[in-house]
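# Close look at the chain arrangement
So the chains spell out like this:
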Amino acid sequence: IAAYLHETNRVQSLLGPVRSTDFNVGIVRYEYDFPENVVITDKTRHATENVTRVYWEHLGKPIFEKAVKRVHDPTLAPYYVSMNLHHQGMYLATPYQLKAWKDRKNCEFDRVRDRPSAKNNPSQPSEGTQRVWMSSQMLYGSKHCAVTQLLPVENFGQLTVLHLPNKNYRRVG
């Protein structure tokens, strides 16, 4: 939370309070790349000491063309990047941002609602599952709030969260 607030205050000081609400500092999820035959328990927890973090939803290569994109704002570009796939592990927001997004056209971030459904099949989501809708698409999607996700280049690791299953990257990567 401290890293989020630090970066959010930095964005606000660089852009001013009003323009800063066009952006939000993101929190990306990762999994550990430990051996497939290891089940993590209290007795095997040491197996996570010599592994790497895998950002399995962002495995496009080359990384800066397929997974990470530059922020178009010239004031923020030296300090921040965004992910091409803006799905993330969670989000945080300040009261100031929430108030601004409440008044933003097409945003309705303050209104709890189900994710959009496919027109011909209402049980099928058109923009991801409910959790994808709430954590990312509603806030960052161009049809909705159109806020730009920011990930700090220098403090990227402080704004990540462990995705506990540690199995998804093997299925998609």
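Up top you'll find the structure we're talking about.
Residues numbered from 1 in each chain as written. Predicted model: local features only at pLDDT ≥ 70, side-chain atom pairs only at ≥ 80, totals over all residues. Heavy atoms only, no water.

## What about the sheet that holds strand β3 (residues 53-54)?
The strand order β3-β2-β9 describes an open sheet built from 3 strands, whose pairing is mixed. Since the sheet does not close on itself, it has two edges, and those belong to β3 and β9 (160-162), each with one partner. In this sheet, β3 lies alongside strand β2 (residues 28-32) in antiparallel orientation, the contact comprising 2 bridges. Looking at the pairing, Tyr32 lines up with Arg53 of β3. (Pairing = 2+ DSSP bridges. Helix = DSSP H or I, 4+ residues; strand = E, 2+ residues; numbered from the N terminus.)

## Here's the deal with the state of the cysteines
Per the stated rule, a full pass over the model turns up 1 disulfide. A sulfur-sulfur separation of 1.9 Å characterises the disulfide bridge that pairs Cys107 with Cys145. Because the sign of the S-S torsion sets the handedness, a value of about 80° for the bond joining Cys107 and Cys145 places this disulfide among the right-handed ones. Of this pair, Cys107 sits in the loop between α4 (95-103) and β6 (117-118) while Cys145 sits in the loop between α5 (130-140) and β8 (148-152), placing them 38 residues apart in sequence. Residue classification places Cys107 among the buried positions, given a relative accessible area of 0%. A relative accessible area of 1% means that Cys145 is categorised as buried. (Disulfide = S-S within 2.5 Å. Buried < 20%, exposed > 50% of the residue type's maximum accessible area, 1.4 Å probe, protein only.)

## A word on the environment of Gly157
With respect to the helices and strands, Gly157 occurs in the loop between β8 and β9. On the accessibility criterion, Gly157 (41% relative accessible area) is partly exposed. The spatial distance from the C-alpha of Gly157 to the C-alpha of Ala3 is 9.9 Å, given a sequence separation of 154 residues.

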